[in-house]
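Below, each chain spelled out in residue letters.
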Amino acid sequence: MSNRTFTMIKPDAFAAGHIGSILKHIEAAGFKIIAMKAIRLSAEKAGEFYAVHKERPFYGELVEFMSSGPIVAAILEKENAVADFRTLIGATNPAQAADGTIRKLYAKSVGENAVHGSDSDENAAIEGSFFFSAFERI
Ligand code: CMP
């Protein structure tokens, strides 16, 4: 069990002005921000990040959406970070997300679902390193 996870606040939530509210939920749940930046992904970089989904029917839509506007990327620290963060954000599809979760509150659809959270310790390390050098982390 690792104590770090990786998140992106996606273009839908960024455009709607929900960055501050979402960060407030994250900090209130006990996560510490270890690294953070606002950035706009190119289609190439978004495709690289989500390469694991390359064969899925929604891949093109996902890449287009994730490169459609700026995002906030962050590394978060807390005991049991990966699992606790996935509980905090709720199900991938906001229609199935529990009340009070970030996706229930801010996501529009399964595609435009406000936030990303790593699904394993291994992917948290890979995804964090995709965006941040060692120099850019606390
Ligand atoms: P995320 O947690 O960032 O990981 C992969 C993303 O693919 C997921 O959130 C969704 O935004 C997106 N996704 C998953 N299933 C679908 C779908 N059926 N249609 C469109 N996008 C999807």
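What counts, and where the lines are drawn
- Residues numbered from 1 in each chain as written.
- Predicted model: local features only at pLDDT ≥ 70, side-chain atom pairs only at ≥ 80, totals over all residues.
- Heavy atoms only, no water.
- Helix = DSSP H or I, 4+ residues; strand = E, 2+ residues; numbered from the N terminus.
- Buried < 20%, exposed > 50% of the residue type's maximum accessible area, 1.4 Å probe, protein only.
- Polar contact = N/O pair within 3.5 Å; in protein donor to acceptor, adjacent residues only side chain to side chain.
- Arc of directions from axis to C-beta.
- Contact = heavy atoms within 4.5 Å.
- Near = heavy atom within 4 Å.
- Nonpolar A, V, L, I, M, F, W, Y, C, P; charged D, E, K, R; others polar.
- Phe/Tyr/Trp six-rings, centres within 6.5 Å; stacked < 30°, edge-to-face > 60°.
- Lys NZ or Arg CZ within 6 Å of the ring centre and 35° of its normal.
- Pairing = 2+ DSSP bridges.
- Axes fitted to C-alpha atoms, helices over the stretch in contact; angles between N-to-C directions.

Student: When you look at the side chain of Ser 67 in this model, what are you seeing that I'm missing?
Tutor: Within the secondary structure layout, Ser 67 lies in the loop between α4 (59-66) and β3 (71-77). What makes Ser 67 buried here is its relative accessible area of 13%. Among the polar contacts made by the side chain of Ser 67, one reaches the main-chain carbonyl oxygen of Val 63 at a distance of 2.8 Å. Within polar-contact distance, the side chain of Ser 67 engages the backbone oxygen of Glu 64 at 3.3 Å.

Student: Teacher, can you tell me more about helix α5 (residues 81-89) here?
Tutor: One turn of the α-helix equals 3.6 residues, which is why residues spaced by three or four share an orientation. When we look at burial in α5, the residues that qualify are Ala 81, Val 82, Phe 85, Leu 88 and Ile 89. Looking straight down α5, one finds its buried side chains confined to an arc of 125 degrees; they lie on one side. The inward-facing, buried residues of α5 abut β1 (4-9), α2 (19-28), β3, α6 (102-106), β4 (115-117) and α7 (121-131). Of the residues one or two after α5, Gly 90 is the one with positive phi, at around 90 degrees.

Student: Explain the site of the ligand to me, please; I cannot follow it from the model alone.
Tutor: As a matter of local geometry, the ligand sits amid Lys 10, Tyr 50, His 53, Phe 58, Glu 61, Leu 62, Thr 92, Arg 103, Val 110, Gly 111, Asn 113 and His 116. Lys 10 places a side-chain nitrogen or oxygen 2.7 Å from an oxygen atom of the ligand. Within the shell around the ligand, the residues separate by chemical class into four nonpolar, five polar and three charged.

Student: Please clarify how unusual backbone geometry should be interpreted in this entry.
Tutor: Comment: phi is negative for the bulk of residues other than glycine, and the bulk of peptide bonds are trans. Positive phi outside glycine occurs at Asn 80, with the angle close to 55 degrees. For Ala 114, which is not a glycine, the phi torsion comes out positive at approximately 70 degrees. Position of Ala 114 among the secondary structure elements: in the loop between α6 and β4.

Student: What is the right way to look at the packing of aromatic side chains in this model?
Tutor: Within a pair of aromatic rings, the relevant descriptors are the distance that separates the centres and the angle that separates the planes. The final tally for this structure, using the stated rule, is eight aromatic pairs. Three or more aromatic residues joined by ring pairs form one cluster here, namely Phe 6, Phe 49, Tyr 50, Phe 130, Phe 131 and Phe 132. A cation over an aromatic ring shows up here: Lys 45 above the ring of Phe 130, its NZ or CZ 4.9 Å from the ring centre. A cation over an aromatic ring shows up here: Lys 78 above the ring of Phe 31, its NZ or CZ 5.6 Å from the ring centre.

Student: For this particular structure, what's the right way to read the environment of Gly 30?
Tutor: Take Gly 30: it is sitting in the loop between α2 and β2 (32-39). Looking at Gly 30, the relative accessible area reads 38%, which means it is partly exposed. Those residues in contact with Gly 30 that sit more than four places away from it in its chain are Glu 77 and Lys 78.

Student: Would you take a moment to explain the sheet that holds β1 for this structure?
Tutor: The pairing of strands in a sheet comes from backbone hydrogen bonds and takes either a parallel or an antiparallel form. Judged by pairing direction, the sheet is antiparallel, and its four strands sit side by side in the order β2-β3-β1-β4 without closing on themselves. Of all the strands in the sheet, just β2 and β4 have a single pairing partner and so form its edges. Averaged over neighbouring strand pairs, the angle between their axes works out to 15 degrees when direction is ignored. Note: β1 against β4, three bridges, orientation antiparallel. Each residue of the ladder has a partner; that of Thr 7, found in β4, is Gly 117.

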